[in-house]
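Spelled out from the first residue to the last, the chains are:
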Amino acid sequence: MPRFRAILDTMPAYKAGKAVVSPDGRSYKLSSNESPYEPLPSVVEAVAKAATEIHRYPDPAATGLTNALAERYGVPPEHVALGGGSVAVAQQLFETVGEPGAEVVYAWRSFEAYPLLADLAGTTSVRVPLAGESHDLDAMAEAITPRTRMVLVCNPNNPTGTAVHSAELEAFLDRVPEDVLVILDEAYREYVRDADVPDGLTHYRSRPNVAVLRTFSKAYGLAGLRVGYLIADEPVASAVRKTMVPFAVSHLAQAAAVASLAAEDELLERVEAVVKERTRVRESLIGQGWEVPVTEANFVWLRLGERTTAFAEACAAEGVAVRPFAGEGARISIGSPDANDTFLAVAEAFRKA
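No experiment lies behind these values; they were computed from the predicted model shown. (Residues numbered from 1 in each chain as written. Predicted model: local features only at pLDDT ≥ 70, side-chain atom pairs only at ≥ 80, totals over all residues. Heavy atoms only, no water.)

Asks: So what exactly am I meant to see when it comes to the domain arrangement of the protein here?
Replies: Quoted interface sizes are often the accessible area lost when the parts come together. Assigned domains within the protein: domain 1 (16-39 + 264-352) and domain 2 (41-261). A C-alpha centroid distance of 25 Å is found between domain 1 and domain 2. At the junction of the two partners, domain 1 supplies 25 residues and domain 2 supplies 28 residues. For the pairing of domain 1 and domain 2, the buried interface totals around 2400 Å² over both sides, and the portion due to carbon and sulfur atoms is 53%. Applying the counting rule to domain 1 against domain 2 returns five salt bridges. Between domain 1 and domain 2 we count 16 residue pairs in polar contact (both at pLDDT 80 or more) in total. Where the side of domain 1 that touches domain 2 is concerned, the elements lending two or more residues are α10 (264-288), β9 (299-303) and β11 (323-325). Considering each element in turn, the side of domain 1 that touches domain 2 owes the most residues, eight residues, to α10. (Domains from an automatic or database assignment. Contact = heavy atoms within 4.5 Å. Buried area = accessible area lost by both parts, 1.4 Å probe. Salt bridge = Lys/Arg side-chain N within 4 Å of Asp/Glu carboxyl O. Polar contact = N/O pair within 3.5 Å; in protein donor to acceptor, adjacent residues only side chain to side chain. Helix = DSSP H or I, 4+ residues; strand = E, 2+ residues; numbered from the N terminus.)

The structure is reproduced here in structure tokens:
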């Protein structure tokens, strides 16, 4: 029997959102925070054109996409690092700081991949409980020790949707030592409407130890192609590029991402439609009697405790897949109006039961 790393004996596999089908054939996947819209025609056209070249390796440096992102955000191309989705870039980050004895601090519950990536990188996770449903930045600052290499702030937070505001983030960053890397994980940045939720790029421009992690999977609707990116000071971005698997961002993914940036105005109209649906869903849930935190992402969070599994099963019976976290709560993505209406009907019936 081959010998494997001991950590694999205790490390659970990542749980992706699943689709379900009701007895009458309905199926609404509200478990993975995907865009409810199909790709834009211009993006499909770019992918189709790129498909005629898939017998060639992709540009390993993703030069076109790197330059497009640099232009979009007004940063040097050397400050951009790419990967196969933001979770892959997060893995690269863990690998840049990870070694025995190193610690990584993050809120919990937050993005469920963090502990898995930490374990694989050989780092020690320091999980700081949420305060209510939000990051407790004071406690996170106090958790930093000389062994801390990196701190992750998921803003808005997945799965609660809550967001850290400008003054509290500034105060937190002032307390973080300059040799500790702070990652502002902004996978849902495009859905933020609260003007007091900071754009992480503002902090990156003035603090060399702050980096911003984003993705094309959510608002840009490219979840199936896997493109994520980091914007950071050159030493950080350079280190992350070293840990990237060669050719990790495919030729099709690069083409789609460049085309998406070119069509950003049209894409953001779709984002605005999702935000309006988010407001409708949250207000409807509150009207039913649920407590729903203010969310700045493309999902809502229900704290259900021991009722979580039963709630997910009730949703599944009606063809609605949600993302349950056993014993804690459920995250429900904002989908099409029909999907959202079906979910709201299930939620109302469950509350009355």
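Once the structure has been displayed, the description carries forward.
Asks: Teacher, can you tell me more about the packing of aromatic side chains here?
Replies: What characterises a pair of aromatic rings is the spacing of the ring centres plus the angle enclosed by the ring planes. For the structure on display, the rule yields 13 aromatic pairs. Where W290 meets F350, the ring centres are 6.5 Å apart and the plane angle is 15°; that geometry is what we call stacked. Note that W290 is positioned in the loop between α10 and β9 and F350 in helix α12 (residues 337-352), a separation of 60 residues in sequence. Here the two residues W290 and F350 agree in accessibility, since each one is buried. Measuring from ring centre to ring centre gives 6.2 Å for F311 and F343, while their planes differ by 85°; the resulting arrangement is edge-to-face. Residue F311 is located in helix α11 (residues 308-317), and its partner F343 is located in helix α12; the two are separated by 32 residues in the primary sequence. The buried category is assigned to F311, whose relative accessible area is 0%. Note on F343: relative accessible area 1%, which makes it buried. Here the aromatic residues Y73, F216, Y220 and Y229 are joined through ring pairs into a cluster of three or more. One residue, R127, lies across the ring of W108, its end atom 4.7 Å from the ring centre. Lying across the ring of W290, R351 places its NZ or CZ 5.1 Å from the centre. (Phe/Tyr/Trp six-rings, centres within 6.5 Å; stacked < 30°, edge-to-face > 60°. Buried < 20%, exposed > 50% of the residue type's maximum accessible area, 1.4 Å probe, protein only. Lys NZ or Arg CZ within 6 Å of the ring centre and 35° of its normal.)

Asks: Would you mind going over the sheet that holds strand β7 (residues 210-215) with me for this structure?
Replies: In a beta sheet, neighbouring strands are held together by backbone hydrogen bonds and run either parallel or antiparallel to one another. Taken together, the seven strands give an open sheet; going across it, the order is β2-β8-β7-β6-β5-β3-β4, and neighbouring strands pair in mixed fashion. Both outer strands of the open sheet, β2 (80-83) and β4 (124-129), are each paired with one neighbouring strand and no more. If you compare each strand with its neighbour and ignore which way they point, the axes differ by 25° on average. Pairing of β2 with strand β8 (residues 228-231) involves four bridges; the strand directions are antiparallel. Bridge pairing in β8 links G83 to G228. (Pairing = 2+ DSSP bridges. Axes fitted to C-alpha atoms, helices over the stretch in contact; angles between N-to-C directions.)

Asks: Can you help me understand the pattern of salt bridges in this one?
Replies: Any two side chains of opposite charge can pair if their charged atoms end up close together. In the structure shown here, the tally under the stated rule is 16 salt bridges. Residue E328 pairs with R109 through a salt bridge whose shortest N-O separation is 2.7 Å. Taken as a pair, E328 in the loop between β11 and β12 (329-333) and R109 in the loop between β3 (103-108) and α4 (113-120) lie far apart in primary sequence, 219 residues in all. Between E186 and R214 there is a salt bridge, and its shortest N-O distance comes to 2.7 Å. With E186 in the loop between β6 (181-185) and α7 (200-206) and R214 in strand β7, this residue pair connects regions lying 28 residues apart in the sequence. Grouping residues by exposure puts E186 and R214 together as buried. The network of salt bridges with shared partners includes E170, D174 and R207.

Asks: Looking at this model, I keep getting lost on the UniProt feature "modified residue: N6-(pyridoxal phosphate)lysine" (unreviewed entry) in the protein. Mind explaining?
Replies: Feature annotation in UniProt assigns "modified residue: N6-(pyridoxal phosphate)lysine" (unreviewed entry) to the following positions: K218. Topologically, K218 is positioned in the loop between β7 and β8. In this structure K218 comes out as buried when scored by relative accessible area, which is 15%. Residues within four places of K218 in sequence aside, it is in contact with S32, N33, S35, A187, Y188 and Y191. From its side chain, K218 meets the backbone oxygen of S32 in a polar contact 3.4 Å long. (UniProt positions renumbered as here; feature names shortened; annotations may be inferred.)

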